[in-house]
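# Chain and residue survey
Spelled out, the chains give:
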Amino acid sequence: MLSRTADHLFWLSRYIERAENTARMLDIAYQTSLQPQSAEDSEQSWRSLVSISELNSLYNTKHARIDSRSVMHFMVADEDNASSIFSCLRAARENARAVRGALTTEVWETMNQTWLEFRRLLRDGLLARDPSALFEWVKYRSHLSRGVTVGTMLQDEAFHFIRIGSFLERADNTARLLDVKFYRQEEISDEHDDARDFYYWSAVLRSVSGFEIYRKVYSNVIQPEKVAELLILRPDMPRSMSHCVTRMLANLKRVANPQSGETLRRVGRLEAELAFARIDEIQAGGLHPFLDGFLAEVADLGASISRDFLVPSA
């Protein structure tokens, strides 16, 4: 496959996944903001959303203060924010258009319709009128895109590059979410409140569709260490770091070339580390350093994948 084609496929799936992840986090933040809480807690909740995507500097140049309306506009409709849902869906559609011949008609039409319909929903004011409805729509369109891809595309190199992009982006997002949320919980740990803790960790789980899974797996009250274990180490949790790395490795093996041996080795090593790790050992060494190291490794793997497969040879 031409490296330029592989690059477009890799990034279109990353952008779709990023749009969905952003919608998930915004929806939970919005639902949480409707509950009784102090102005300081509300501001910190919205600030954490900007921090997860490392967009603090850009946000501060455009907005004087943190509030729900400003953050939602910045993360949903701001064309200057490359990680906004608007920018992600536009970029996904442009990447899909560039490799139209590598996609089935169903995949292309889903991508194209998603972009056109999203612009219409913004013009109609759905973000201001009913943010949750818009976020649910974005999640649904991402699910639809993924389902159409799996259900209609030949499982050749094009398919595997799409899947590699999805799992790499999802692993990155789950690690960022955990890092920010656990750091935030440490800040308020001195004001222990069982009810608030329950709603806090429930929101974290719901942002990755993990609440019902947690109940099924652990059948007990929500405990932070169990949340971390579920989202880091459970190989059967679709959005866990372990599951994403395993699926990324499986797809990388299907497109392996003479240059990709070192990348495959590193992904395999990361999979093994997650497969045999224990949450108590991770916590003993510090959750933040562990997640920081994982994020650095994922970013480096993204660069390695680009170098091995996606950058045109000179």
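Residues numbered from 1 in each chain as written. Predicted model: local features only at pLDDT ≥ 70, side-chain atom pairs only at ≥ 80, totals over all residues. Heavy atoms only, no water.

## Observations regarding the environment of His 63
Formally: Elements are defined by DSSP. Helices are runs of H or I of four residues or more, strands are runs of E of two residues or more, and each kind is numbered from the N terminus. Contacts were defined at the residue level, with two residues in contact if any of their heavy atoms lie within 4.5 Å.
For His 63, the position within the fold is in the loop between helix H3 (56–62) and helix H4 (68–76). On a C-alpha basis, the gap between His 63 and Ala 299 in space is 28 Å, while along the polypeptide they are 236 residues apart. The contact partners of His 63, leaving out residues within four places of it in the chain, are Ser 70 and Phe 74.

## Let's talk about helix H14 (residues 261–276)
Here is the rule: Given the number of residues in a helix, its expected span is that number minus one, multiplied by 1.5 Å. The rule is simple: take the accessible area with a 1.4 Å probe, protein chains only, and divide by the maximum for that residue type; under 20% is buried, over 50% is exposed, in between is partly exposed. Working definition: the arc comes from the directions between the helix axis and the C-beta atoms, pointing outward to the latter.
Taking 1.5 Å per residue, 16 residues should reach 22 Å; H14 reaches 23 Å between its end C-alpha atoms and fits that length. All of the buried residues in H14 are Thr 263, Leu 264, Arg 266, Val 267, Leu 270 and Leu 274. Axial view of H14: buried residues confined to an arc of 165°, hence all on one face. Opposite its buried face, H14 presents the exposed residues Ala 275 and Phe 276, each directed more than 90 degrees away.

## Some thoughts on the nonpolar core
As a rule of thumb, soluble globular proteins bury nonpolar side chains together. Applied cut-off: Residues grouped as a nonpolar core are buried Ala, Val, Leu, Ile, Met, Phe, Trp, Tyr and Cys residues, joined through side-chain atoms within 4.5 Å.
Core analysis: the biggest nonpolar cluster contains 98 residues, and Leu 26, Val 76, Ile 85, Phe 118, Ile 232 and Phe 294 have the highest contact counts within it. Here this core gets 13 residues from one element, more than from any other, and that element is helix H9 (residues 157–187).

## A short note on the packing of helix H1 (residues 3–33) against helix H8 (residues 131–152)
Definition in use: Here an angle of 0 to 180 degrees is reported between the N-to-C directions of two axes, which are lines fitted to C-alpha atoms, with helices fitted over the stretch in contact. Here the word oblique covers every angle except those under 35 degrees (roughly parallel), over 145 (roughly antiparallel) and from 65 to 115 (roughly perpendicular). Helix crossings get a hand from a simple test, with the near helix turned counterclockwise from the far one by less than a right angle marking a left-handed crossing and a clockwise turn marking a right-handed one. Any residue outside Ala, Val, Leu, Ile, Met, Phe, Trp, Tyr, Cys, Pro, Asp, Glu, Lys and Arg is labelled polar, Gly included; the first ten of those are nonpolar and the last four are charged.
Taken N-terminus to C-terminus, the directions of H1 and H8 make an angle of 150°; their axes are 9 Å apart at the nearest point. Judged by the inter-axis angle, H1 sits roughly antiparallel to H8. Seen from above, H1 lies across H8 with left-handed handedness. Contacts between H1 and H8 involve Ile 16, Glu 17, Ala 19, Glu 20, Ala 23, Arg 24, Leu 26, Asp 27, Tyr 30 and Gln 31 from the former and Pro 131, Ser 132, Phe 135, Glu 136, Val 138, Lys 139, Ser 142, His 143, Ser 145 and Arg 146 from the latter. The class makeup of the residues in the contact of H1 with H8 is eight nonpolar, five polar and seven charged.

## Considerations on the side chain of Asn 173
In this fold, Asn 173 is placed in helix H9. Non-local contacts of Asn 173, meaning those with residues more than four positions away in its chain, are made with Asn 21 and Met 25.

## Observations regarding the side chain of Ser 242
Secondary-structure assignment places Ser 242 in helix H13 (residues 241–254). Setting aside residues no more than four positions away along its own chain, Ser 242 makes contact with Ile 232, Leu 233, Arg 234, Pro 235 and Leu 274.

## Brief notes about the pattern of salt bridges
This is how the line gets drawn: One speaks of a salt bridge when a side-chain nitrogen belonging to Lys or Arg is within 4 Å of a carboxyl oxygen belonging to Asp or Glu.
Enumeration over the complete set of coordinates arrives at 26 salt bridges. With a closest N to O distance of 3.5 Å, Lys 139 and Asp 27 form a salt bridge. You can see Lys 139 sitting in helix H8 and its partner Asp 27 sitting in helix H1, a full 112 residues away along the chain. Summarising the burial analysis for this pair, Lys 139 and Asp 27 share the class buried. One salt bridge in this structure joins Arg 120 and Glu 117, with 2.4 Å as the shortest N-O distance. Placement of both Arg 120 and Glu 117 in helix H6 (residues 105–123) is noted, with a separation of three residues, approximately one turn of the helix. The class of Glu 117 is partly exposed, set by a relative accessible area of 25%. Where salt bridges share partners, they join Glu 17, Glu 20, Arg 24, Arg 146, Arg 170 and Arg 239 into one cluster.

## Remarks on the packing of H1 against helix H2 (residues 39–52)
Between H1 and H2, the shortest axis-to-axis distance is 10 Å and the interhelical angle comes to 170°. What the angle tells us is that H1 and H2 run roughly antiparallel. Facing H1, whose interface residues are Met 25, Leu 26, Ala 29, Tyr 30 and Ser 33, H2 presents Ser 45, Trp 46, Leu 49 and Ile 52. Broken down by class, the residue content of the contact of H1 with H2 amounts to seven nonpolar, two polar and no charged.

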